Amino acid sequence: MLYALSIEQARRLPDAFCRAWFPKRLARVYAREDDALRSLAAGALVAGVLGVHEEEITYGAHGKPLIAGRHFSLSHSGEYALLAVGDTPIGTDIEKIEPRRVRTSERLFQPEELWWLRERPEERFFFLWTLKESVLKMLGCGLSVPLPRFSVLPLLEGGSIVYGGGTCFGTVTVFDGHCAAVCTTRPVAPLLPQRMRAEEITNHG
């Protein structure tokens with residue numbers, strides 16, 4: 001399953017709820033309000049959907065958040081925080097679609113990906129980027145692996161890739177000017193995130 005919480009909904013989270021479930025996130029200082037709200041939205045998804053306090057979360061060698069007995073992944077960008085939950089290892093990434101970032105593509109992708117990117121580059125850049133991030137987050141290695149080292153084109157064609165000792169499947173969706181990808185060890189159908197409201201989050205938590 002895929003869940004999304006907007007920063008607008010994050011503004012409506014009760015302070016008491018945030019203090020009870022993720023006080024460290026609440027106490028962090030950010031240069032921009034939107035950064036703080038995205039962090040709160042991510043914490044609220046973990047609390048409201050998984051029912052987990054932040055002290056129950058540990059972190060892998062490359063910063064992947066871990067909860068004993070659960071498979072999940074977090075991401076946030078633009079107006080949303082995203083939570084993916086599965087019964088096998090899973091990774092997710094969301095990016096706000098911003099054309100200016102396309103200029104960096106030559107040092108991120110393999111030649112066949114760059115060729116595919118030539119048609120509709122402002123959209124397809126984010127298909128590739130979010131899928132690559134999702135693969136690495138599923139594997140728990142973050143950006144310690146250079147993105148050009150593997151191609152995600154087979155995932156866009158409904159296939160799989162073998163990387164990091166495992167088989168990976170993936171899907172991408174676009175909503176509200178954002179691109180979101182999910183990768184896991186089993187075939188995954190295209191999906192849209194379930195958009196949560198602050199009231200739903202606090203009721204579950």
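What counts and how
Residues numbered from 1 in each chain as written. Predicted model: local features only at pLDDT ≥ 70, side-chain atom pairs only at ≥ 80, totals over all residues. Heavy atoms only, no water. Buried < 20%, exposed > 50% of the residue type's maximum accessible area, 1.4 Å probe, protein only. Helix = DSSP H or I, 4+ residues; strand = E, 2+ residues; numbered from the N terminus. Pairing = 2+ DSSP bridges. Disulfide = S-S within 2.5 Å. Salt bridge = Lys/Arg side-chain N within 4 Å of Asp/Glu carboxyl O. Axes fitted to C-alpha atoms, helices over the stretch in contact; angles between N-to-C directions. Contact = heavy atoms within 4.5 Å. Phe/Tyr/Trp six-rings, centres within 6.5 Å; stacked < 30°, edge-to-face > 60°. Lys NZ or Arg CZ within 6 Å of the ring centre and 35° of its normal.

Caption draft 1: Up close: the pairing of strand β9 (residues 178–184). When you tally the buried positions in β9, you get 7 out of 7 residues, the bulk of the element. Side chains His 178, Ala 180, Val 182 and Thr 184 of β9 all project onto a buried face; the interleaved residues Cys 179, Ala 181 and Cys 183 project onto the opposite face, where all are buried too. Across 7 bridges, the pairing between strand β6 (residues 90–96) and β9 is antiparallel. Note on β9: the bridge partner recorded for Asp 93 is Ala 181. Bridge count for strand β8 (residues 166–175) against β9 is 7 bridges, and the pairing is antiparallel.

Caption draft 2: Examining the state of the cysteines more closely. Scanning the entire structure with this criterion turns up 0 disulfides. Looking at Cys 168, it has no disulfide partner, and the nearest cysteine sulfur is the one in Cys 183, 4.0 Å off.

Caption draft 3: Examining the pattern of salt bridges more closely. Taken as a whole, this structure holds 11 salt bridges when the rule is applied. Between Arg 19 and Asp 15 there is a salt bridge; the shortest N-O distance is 2.0 Å. Taken as a pair, Arg 19 and Asp 15 lie in helix α2 (residues 15–21) at a separation of 4 residues, close to a single helical turn. For Arg 19, a relative accessible area of 47% translates into the label partly exposed. Linking Arg 197 and Glu 200 is a salt bridge whose minimum nitrogen-to-oxygen distance equals 3.9 Å. The class of Arg 197 is partly exposed, set by a relative accessible area of 46%. The partly exposed category is assigned to Glu 200, whose relative accessible area is 22%. Taken together, the shared-partner salt bridges in this structure form one network comprising Glu 8, Arg 11, Glu 33 and Asp 34.

Caption draft 4: Up close: the sheet that holds β8. Spatially, 4 strands are ordered β6-β9-β8-β7 in an open sheet, and the strand pairing comes out antiparallel. In the strand order of this sheet, the two ends are held by β6 and β7 (160–163), each with one partner. The sheet shows a mean angle of 25° between the axes of neighbouring strands, direction not considered. The strands touched by helix α6 (residues 121–139) are β6, β7, β8 and β9; relative to β6, the strand with the most contacts, the crossing angle is about 145°.

Caption draft 5: Seen up close, the pairing of strand β5 (residues 80–86). Here β5 lies mainly inside the structure; 6 of its 7 residues are buried. Bridge count for strand β1 (residues 2–6) against β5 is 5 bridges, and the pairing is antiparallel. For Ala 4, the partnering residue across the bridge sits in β5 and is Leu 82. Bridging between strand β4 (residues 71–77) and β5 involves 7 bridges; their strand directions are antiparallel. Paired with Ser 75 across the strands is Leu 82, a residue of β5.

Caption draft 6: Structural view of the packing of aromatic side chains. By the definition in use, this model includes 8 aromatic pairs. Geometrically, the ring pair formed by Phe 17 and Phe 22 is edge-to-face, given 6.0 Å between the ring centres and 80° between the ring planes. Summarising the aromatic geometry, the rings of Phe 125 and Phe 126 are spaced 4.9 Å apart at their centres and angled 80° between planes, so their arrangement reads as edge-to-face. A relative accessible area of 0% places Phe 125 in the buried class. Within the aromatic cluster, the residues linked to one another by ring pairs are Phe 109, Phe 125, Phe 126 and Trp 129. The ring of Trp 116 has Arg 124 lying over it, and the distance from NZ or CZ to the ring centre is 4.3 Å. Across from the ring centre of Phe 150, 4.7 Å away, lies the NZ or CZ of Lys 132, which sits over that ring.

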